[in-house]
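Commentary on secondary and tertiary structure
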2 protein chains.
Amino acid sequence: MAIGLYLTYQEVGLVIAAQGNTAEKLVDGARQLIMLGGYNGFSYADLAQRYGIRKPSIHHHFPSKVDLVVAVVEQGRARIREQIAALEDSSPAAMDQLRMYTGYWERCIKDQSAPFCLAGVLAAELPSLPDQIATAVRGHFADLAEWLRNVLALGTHQGTMRLETSPEMEAENFMAAVYGAMLVARAFDDPDRFASIVESLISRIRVAEPQGR
Amino acid sequence: MAIGLYLTYQEVGLVIAAQGNTAEKLVDGARQLIMLGGYNGFSYADLAQRYGIRKPSIHHHFPSKVDLVVAVVEQGRARIREQIAALEDSSPAAMDQLRMYTGYWERCIKDQSAPFCLAGVLAAELPSLPDQIATAVRGHFADLAEWLRNVLALGTHQGTMRLETSPEMEAENFMAAVYGAMLVARAFDDPDRFASIVESLISRIRVAEPQGR
DNA sequence: CGGCACCTACCTACTGATAGGTAGTCCACT
DNA sequence: AGTGGACTACCTATCAGTAGGTAGGTGCCG
């Protein structure tokens, strides 16, 4: 993502120039802020300041905060769908796909570009979220569980993974461990914790390769 | 906990009468509300309405919201320390202690009395929390990791657990899985998900008992 | 024993700031 | 000429927090 800095005409402060049109910028900014503090942890005023526009201009693009946050979650789901499609094209090996998924988060957490899954933060406060947002968040987890289930089943079929129970169960175990690892990494402020937890997670599933490799 | 209902003299509404003095009630109420929606998900006004007192009366007990939430987290840590001490007295078997820990959460999630660990919700929004609260939350995770490490080491020593790596690593894996299981249970609105994830988690650690039992 | 000092626990009334949101205007570009 | 995208100005509600006061209890001193 291209990040630039410039000064607004009305206040001397840093304003982030993301690529794309304003609506896309706002979604991106909201995503980043939600990752830091959840739904109630940011305001339209925060976004307005961030991009050097006025608060009502945000309402022009997203009439209500719920609209904006739903857009953020749905954009995330759409991107994941794209990524999955690209993943399946680039590598038919289930273990590689799984590695790419965890590797993506490892990098994001390490460079702090996305220190937590957006849906994970929102899931923590699910009971207090507006229905539309809650539905979108639950949808994300359903998507992810389905994909993981498919990948684990494929890996078993390809002989590169060995599961102790069903792909359904193992997918939930895996998902829980990954999100828990994000939480632990955040709680200990240590990205390496995420990597090490995920590593032992994968080593438990992976079928040892023949020694000659 | 004794829960009673009565009408306030000034407004016809349901008011929760928790046991103990007002300060204790407030801590308990804040704990419940935080579990639902995090730090920014509740207000002094919510608590005031809940217990039929005025907002400034809460400031009398807890000058600032930070004070209140720190008290909530620290009370939680203190209770856990008590529970751990009681646990070690009641059963010297590490596997029983671990079972009691997960069983506690299983019950809480199932009956919705505590559908999520307080510190877990706060950890999700850690970067945006006031320092004092963040410190207390990190402290909780440090406490828990230490206890788990000790229990796992003890279990290995007692021959009832078998770890694939070090107690330190396995404690973090276990902790991540438990918190991830809470998140998954919340995301799918299904307490059974927590139980099943934890079950396979424990079965991986447990040394199979002799068949005669 | 009376009376005063001090305390806890609450109250009313209020503050400045901020929340999300609305109405109406302006302007540049097609 | 219409439209999208921004603006100014404003709204009401709520936020955390403050000022100042009251009722009732406790303890101490004379």
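Here is a short report on the structure shown in this document. (Residues numbered from 1 in each chain as written. Chains lettered and ligands numbered in written order. Predicted model: local features only at pLDDT ≥ 70, side-chain atom pairs only at ≥ 80, totals over all residues. Heavy atoms only, no water.)

Observations regarding the protein's contact with DNA strand C
To keep things clear, this is the line we draw: Residues are classed as near a molecule or strand on a simple rule: at least one heavy atom within 4 Å of it. Throughout this description, a polar contact denotes any pair of N or O atoms lying within 3.5 Å of each other; where both atoms belong to protein, one of them has to be capable of donating a hydrogen while the other can accept it, and for residues adjacent in sequence the pair is counted only when both atoms sit in side chains. Helix and strand definitions follow DSSP, with helices as H or I runs of at least four residues and strands as E runs of at least two, each counted in order from the N terminus.
Around DNA strand C there are 17 residues in total, and His 59 and Lys 65 of chain A together with Arg 54, Ser 57 and His 61 of chain B lie nearest to it. Put simply, 56% of the atoms of DNA strand C that lie within 4 Å of the protein are in sugar or phosphate. Taking Ser 57 of chain B, its side chain carries an N or O atom lying 2.5 Å from a phosphate oxygen of DNA strand C. At the level of elements, α2 (44–51) and α3 (55–61) of chain A together with α3 (55–61) of chain B are the ones that each hand at least two residues to the surface near DNA strand C.

What to know about the protein's contact with DNA strand D
Here is the rule: Note that Gly is not counted as nonpolar here; it falls among the polar residues with everything else outside the nonpolar set of Ala, Val, Leu, Ile, Met, Phe, Trp, Tyr, Cys and Pro and the charged set of Asp, Glu, Lys and Arg.
In the region of DNA strand D, 17 residues are neighbours, and Thr 22, Ser 57 and His 61 of chain A together with His 59 and Lys 65 of chain B sit closest. Between Arg 54 of chain A and DNA strand D, the recorded distance is 2.9 Å, taken from a backbone N or O atom to a phosphate oxygen. Here a phosphate oxygen of DNA strand D and a backbone polar atom of Tyr 44 of chain B are 3.1 Å apart. Taken together, the elements giving at least two residues each to the surface near DNA strand D come down to α3 of chain A together with α2 (44–51) and α3 of chain B. Here the surface near DNA strand D is built from residues that sort into 6 nonpolar, 8 polar and 3 charged.

So, the interface of chain B and chain A
Operational definition: The criterion used for residue contact is that any of the two residues' heavy atoms lie within 4.5 Å. Buried area is a sum: the accessible area each of two parts loses on coming together, probed at 1.4 Å, counted once for each and added. Salt bridges are identified by distance alone: a Lys or Arg side-chain nitrogen within 4 Å of an Asp or Glu carboxyl oxygen.
Of the residues lining the interface, 38 residues belong to chain B; the matching set on chain A comes to 38 residues. Both faces considered, chain B and chain A share a buried interface measuring about 3200 Å² in area, 65% of it formed by carbon and sulfur atoms. The three residues of chain B that bury the most area against chain A are Ala 124, Leu 183 and Arg 204 of chain B, which together make up 17% of that side's buried surface. Glu 172 of chain A is paired through a salt bridge with Arg 193 of chain B; the nearest N and O atoms lie 2.5 Å apart.

With respect to the environment of Gln 132 of chain A
Mapped onto the elements, Gln 132 of chain A comes out in helix α7 (residues 131–158). Those residues in contact with Gln 132 of chain A, other than ones at most four positions away along the chain, are Val 66 and Val 70 of chain A.

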